[in-house]
There are 2 protein chains.
Amino acid sequence: MSYKRMIREVGATLLLVGAAAVSQAQSATPAEKAIEYRQAVFKVVAGNFGPLAQNAQGKLELPPAAARQYAGRLASIAEFARDAFPDISREGKTRAKPEIWNERAEFDRLLKDLTDATRSLAGVTANAAARPEEFKAAVGAVGNACKGCHDRFREK
Amino acid sequence: MSYKRMIREVGATLLLVGAAAVSQAQSATPAEKAIEYRQAVFKVVAGNFGPLAQNAQGKLELPPAAARQYAGRLASIAEFARDAFPDISREGKTRAKPEIWNERAEFDRLLKDLTDATRSLAGVTANAAARPEEFKAAVGAVGNACKGCHDRFREK
């Protein structure tokens, strides 16, 4: 390949990559939007669960009011996840496995485990008399709900 | 530049770009994480406000139960935005202007406009006797709250 032609081809590739990035941002398809929405929901789940998990592991101090707020928000946002897997979001840039839509009842059961566990955790943090072991167990139950579903329905 | 050297340099650049992408995903700094969290919160805001705005504009049919759910969630997630601008998230890949942190009281006032407006909208959608004009006005108030803050505190 000539030097000039190579420059042209590298340039064309970079243009394509750039165009793809712009198109992703500016005119996402309904499927892309649904996937991005879901990923945002789970980022908010993780952002609120993270400090609680670190606190339960003794890695982060958390005033009771902060723990209560994180846990309350976690319980709220986990509910959003229940509608974050519409059929349209099945194919695209996602680690969500097709099994989600093929074994929907089982998937929904695991999602319910998550919302149940986050509600319990919110209850424990709202209870000033709760013991540290109760808090740790409730955090562990949320972590297990995440893991149980990821192991089965999310690509590694 | 020699052909071989150019190949090497292009390869090195691509490696750097790839490494940056991986590091972004796998070991984001606390600032990057805080910015990504905030952007996720606002994506969830937009994902729930979008259908309501389209409905108010006559572009999308929405059963009352769906409107109620979107509006309830919008009111919930808007509350998350209030803590989504920690000092640490001031600098990075963000359109949030430094004025947010320099004029914090004014910024917080505009954020409160948003949470107030979303709560009102949730109230209207929960009221079966509400008239379409009330719904449109409540949607408009949320849109104005978004725009008022973006015009002042977000880069174009």
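Predicted model only: the values in this text are computed from it and were never measured. (Residues numbered from 1 in each chain as written. Chains lettered and ligands numbered in written order. Predicted model: local features only at pLDDT ≥ 70, side-chain atom pairs only at ≥ 80, totals over all residues. Heavy atoms only, no water.)

On a plain count of helices and strands, chain A comes out with six helices and zero strands. Ordering the α and β elements of chain A from the N terminus gives α-α-α-α-α-α. The burial tally for chain A puts 35% of its 156 residues in the buried class. Of the roughly 9100 Å² of accessible surface on chain A, 57% is carried by carbon and sulfur atoms. (Helix = DSSP H or I, 4+ residues; strand = E, 2+ residues; numbered from the N terminus. Buried < 20%, exposed > 50% of the residue type's maximum accessible area, 1.4 Å probe, protein only. Areas by Shrake-Rupley, 256 points an atom, 1.4 Å probe, with all protein chains shown as cover.)

Throughout the structure, instances matching the rule amount to eight aromatic pairs over all chains. Centroid distance Phe-42 of chain A to Phe-85 of chain A: 5.9 Å. Interplanar angle 65 degrees. Geometry classified as edge-to-face. Here the residue Phe-42 of chain A occupies a position in helix 2 (residues 30–56), and Phe-85 of chain A occupies one in the loop between helix 3 (64–81) and helix 4 (99–102), the gap between them amounting to 43 residues. Using a relative accessible area of 27% as the deciding quantity, one classes Phe-42 of chain A as partly exposed. In this structure Phe-85 of chain A comes out as buried when scored by relative accessible area, which is 7%. Judged by centre distance (6.4 Å) and plane angle (55 degrees), the rings of Phe-85 of chain B and Trp-101 of chain B are tilted. Of this pair, Phe-85 of chain B sits in the loop between helix 3 (64–81) and helix 4 (99–102) while Trp-101 of chain B sits in helix 4, and the two are 16 residues apart along the sequence. Owing to a relative accessible area of 11%, Trp-101 of chain B belongs among the buried residues under this scheme. An aromatic cluster of three or more residues is present, and its members are Phe-42, Phe-85, Trp-101, Phe-107 and Phe-153 of chain A. The ring of Phe-80 of chain B has Arg-73 of chain A lying over it, and the distance from NZ or CZ to the ring centre is 4.9 Å. (Phe/Tyr/Trp six-rings, centres within 6.5 Å; stacked < 30°, edge-to-face > 60°. Lys NZ or Arg CZ within 6 Å of the ring centre and 35° of its normal.)

As a further point, take helix 3 of chain A. The first and last C-alpha atoms of helix 3 of chain A sit 26 Å apart over 18 residues, in line with the 26 Å expected at 1.5 Å per residue. Turning to helix 3 of chain A, its buried residues number three or more, namely Ala-67, Ala-71, Arg-73, Leu-74, Ala-75, Ile-77, Ala-78, Phe-80 and Ala-81 of chain A. In this structure, the buried side of helix 3 of chain A is in contact with helix 2, helix 5 (104–126) and helix 6 (132–153) of chain A together with helix 2 (30–56) and helix 3 of chain B. (Expected span 1.5 Å × (residues − 1). Contact = heavy atoms within 4.5 Å.)

Let us look at the side chain of Thr-125 of chain B. Residue and element names in this part refer to chain B. In this structure, Thr-125 sits in helix 5 (residues 104–126). According to the relative accessible area criterion, Thr-125 is buried, its value standing at 11%. Within the structure, Thr-125 has its side chain in polar contact with the backbone oxygen of Ala-122 (distance 3.0 Å). Dropping the residues within four chain positions of it, Thr-125 is found in contact with Ala-67, Arg-68, Ala-71 and Phe-135. (Polar contact = N/O pair within 3.5 Å; in protein donor to acceptor, adjacent residues only side chain to side chain.)

Turning our attention to the environment of Arg-119 of chain B. All names here are of chain B. If you trace the backbone, Arg-119 turns up in helix 5. Judged by its relative accessible area of 44%, Arg-119 falls in the partly exposed class. As for Arg-119 and Tyr-37, which are separated by 82 residues in sequence, their C-alpha atoms are 22 Å apart. For Arg-119, the residues in contact, after removing those within four places along its chain, are Ala-75 and Glu-79. A polar contact of 3.0 Å, which involves the side chain of Arg-119, links it to the side chain of Asp-116.

So, on to the confidence of the model for chain A. Summing up the model confidence of chain A, the mean pLDDT is 89 and the portion of residues at 70 or higher is 83%. Here residues 10–25 of chain A is modelled with pLDDT under 50, and outside its nearest four sequence neighbours on either side it reaches four contacts, counting other chains as well. (pLDDT = per-residue confidence, 0-100.)

This part takes up the packing of helix 2 of chain A against helix 6 of chain A. Residue and element names in this part refer to chain A. At a minimum axis distance of 10 Å, the contact between helix 2 and helix 6 shows a crossing angle of 130 degrees. Considering their axes alone, helix 2 and helix 6 lie oblique with respect to each other. Along this stretch, helix 2 crosses helix 6, giving a crossing that reads as left-handed. Here Phe-49, Leu-52, Ala-53, Asn-55 and Ala-56 of helix 2 come into contact with helix 6, specifically with Phe-135, Lys-136, Val-139, Val-142 and Gly-143. Here the residues of the contact of helix 2 with helix 6 sort into seven nonpolar, two polar and one charged. (Axes fitted to C-alpha atoms, helices over the stretch in contact; angles between N-to-C directions. Parallel < 35°, antiparallel > 145°, perpendicular 65-115°, else oblique. Left-handed = near helix turned anticlockwise from the far one by under 90°. Nonpolar A, V, L, I, M, F, W, Y, C, P; charged D, E, K, R; others polar.)

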